[in-house]
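Residue-level structural notes
As a plain string of letters, each chain reads:
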Amino acid sequence: MSLLPSLRAKAAGLVLAVALTALAGCDRPASAGNPREALDAGAVQEAPAAGKPQDAVDITPLLQPSKKYLGVALDGAPASMDPVKSYTAMVGKQPNIIENYAAWGDQFDAAGSRLSWQNGALPYIAWEPFKTPLADIAGGSSDAYVKNFASAVQKAKVPVAISFAHEMNGHWYDWGTKSNSPEDFVKAWRRIHDIFQDRGASNVIWVWSPNIVNPVPKIPLKPYYPGDGYVDWVGMVGYWTQCCDRTFEGLYGPTMTQIRTFSAKPLVISETAAEPGKRAPAFVDELFSGVEKREDIVGLIWFNITKRADWRLEKAPTTLTQFKLRAADAAYGFDPRNP
């Protein structure tokens, strides 16, 4: 064994034991996958590979867990957990994803992300590039900002889901189809992703999240897809409206059919709610039933905020009753710190 001379010099009393071990034929290399075995064999532990620190966060168990995520977007969270506590008491189950929105130029909310994680919820950021053309991001104009954001995410040492420029296939946002091409979007996404990788921010679950295709049927999704190497989850933003919707398959089916022609990544309902009205409880029932039937859907995120409509469950008693009943199912809810 190559370490015997140094061992003799440092600990003469161990020479006989080491020599006997070597003579007994124990000359195989220590298992690389067993640090304890390496120490017992007297080997020196190798330094972690570059870009893979010992305390790196492993997101793999979170990508397709055995139970479903039950997420929520709430005013005031995750800066404070008080809205989450009130929501939990109302629906009878603690959400395990907390979604919030960051405008382009905002700094990463490390404190809020840690607070979410410490309270058993995966932090989820919808990153919205207002007032910044995607072509400019793709060309590198925001590199300094993205590098700082990525470094802050890496230093947080907790898993973080990030959805950049959600609903990119719609025309209603600055980053939408009116002034940005699919090529601009893909190049911007890849550039951001690569910067995060270069900064060692491997603790990110990347969520590519188009709007459901129903309101924009002439806009194909595939040209906007950055590629499986750049995406962990495929999200779908889709709300239930009193005028038009009936079933889960009717609302999400056309989108899922398109997606499955180019990606097999896990799906998540990344933003949803039911428009207030007499059919809203039936919408909730359909939503939960649809998610349960498909193993490739990892969960849903309820938008419990007033925006264009009052989507909050607390304002619709019959909808809340149905939501509480369905959320109680054991299929929903788990601690992502121990999936």
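Please refer to the structure placed before this passage.
Each chain carries its own residue numbering, running from 1 in the direction its sequence is written. Only residues with pLDDT of at least 70 are given local features in this predicted model, and only at 80 or more are side-chain atom pairs given and counted; all residues enter the totals for whole chains, interfaces and linings. In computing side-chain values, all of the structure's heavy atoms are included and hydrogens and water are not.

A word on the side chain of N211
We count it as follows: By the criteria applied, helices consist of DSSP H or I runs no shorter than four residues and strands consist of E runs no shorter than two, each listed in order from the N terminus. Exposure categories follow from relative accessible area, calculated using a 1.4 Å probe and restricted to protein chains: below 20% of the type maximum is buried, above 50% is exposed, and the middle band is partly exposed.
Its place among the elements puts N211 in the loop between β5 (204-208) and β6 (233-237). The class for N211 is buried, based on a relative accessible area of 8%.

Some points on helix α10 (residues 248-259)
Going by this rule: By this rule the span expected of a helix is its residue count minus one, scaled by 1.5 Å. The contact definition used throughout considers only heavy atoms, calling two residues in contact when any of these lie within 4.5 Å.
With 12 residues, α10 extends 16 Å between its outermost C-alpha atoms, agreeing within 8% with the 16 Å of an ideal straight helix rising 1.5 Å per residue. Among all positions of α10, only F248, L251, Y252, G253, T255, M256 and I259 are buried. Along its buried surface, α10 packs onto β5, β6, β7 (267-272), α11 (280-293) and β8 (297-303).

Topic: the state of the cysteines
Short version of the rule: We call a pair of cysteine sulfur atoms a disulfide whenever their separation is within 2.5 Å.
In the structure shown here, the tally under the stated rule is one disulfide. The disulfide partner of C243 is C244, and the gap between their sulfur atoms is 2.2 Å. Between C243 and C244, the disulfide has an S-S torsion of -80° and is therefore left-handed. Under the relative-accessibility criterion, C243 is labelled exposed at 59%. With a relative accessible area of 52%, C244 lands in the exposed category.

A few points about the nonpolar core
We apply this condition: In this text, buried Ala, Val, Leu, Ile, Met, Phe, Trp, Tyr and Cys residues form a nonpolar core when linked through side-chain atoms within 4.5 Å.
In terms of nonpolar packing, the biggest core is built from 102 residues, with F196 and W208 touching the most fellow members. Per-element tally for this core: the top contributor is helix α9 (residues 182-198), with seven residues. Residue contacts for F196: discarding those within four places in its chain leaves W127, V146, F149, A150, V153, I162, A201, V204 and W206.

As for the packing of α11 against helix α12 (residues 317-327)
Going by this rule: Structural elements are reduced to axes, namely lines fitted to C-alpha atoms, with helices fitted over the stretch in contact, and the angle between N-to-C directions of any two is expressed from 0 to 180 degrees. Working rule for angles: under 35 degrees goes down as roughly parallel, over 145 as roughly antiparallel, 65 to 115 as roughly perpendicular, anything else as oblique. Each helix crossing is assigned a hand: it is left-handed if the near helix lies turned anticlockwise from the far helix by less than a right angle, otherwise right-handed if that turn is clockwise. For this classification, the nonpolar set comprises Ala, Val, Leu, Ile, Met, Phe, Trp, Tyr, Cys and Pro, the charged set comprises Asp, Glu, Lys and Arg, and every other residue, Gly included, is treated as polar.
Between α11 and α12, the least distance of the axes is 8 Å, while the angle of their chain directions is 20°. Classified by the angle their axes make, α11 and α12 are roughly parallel. Crossing of α11 against α12: the hand is right-handed. Contact residues: A280, P281, V284, D285, F288, S289 and E292 in α11; T318, T319, Q322, F323, R326 and A327 in α12. By residue class, the composition of the contact of α11 with α12 is six nonpolar, four polar and three charged.

Digging into the packing of aromatic side chains
Basically, it comes down to this: In summary, the pairing rule links any two rings of Phe, Tyr or Trp, Trp by its six-membered ring, whose centres are within 6.5 Å, and it sorts them by plane angle into stacked for under 30 degrees, edge-to-face for over 60 and tilted for everything else.
On inspection of all chains with the given rule, the structure shows 32 aromatic pairs. Between Y239 and W311 the ring centres are 4.8 Å apart and the planes differ by 50°, which places this aromatic pair in the tilted class. Placement of Y239 in the loop between β6 and α10 and of W311 in the loop between β10 (309-310) and α12 is noted, with a sequence separation of 72 residues between them. Each member of the pair, Y239 as well as W311, is classed as buried. Here the aromatic cluster, defined as three or more aromatic residues joined through ring pairs, consists of W104, F108, W127, Y145, F149, F164, F185, W189, F196, W206 and Y224.

What about the sheet that holds β5?
Note the cut-off: Only strands joined by at least two bridges in the DSSP assignment are considered to pair.
Pairing is parallel around the closed barrel formed by eight strands, whose spatial order is β1-β2-β3-β4-β5-β6-β7-β8. Across this sheet, the average inter-strand angle for adjacent strands is 30°, counted without regard to direction. Sheet contacts for α9: β3 (122-128), β4 (160-164) and β5; angle to β5, the most-contacted strand, approximately 175°.

Take it as geometry only, folks, not as evidence of what the structure does.
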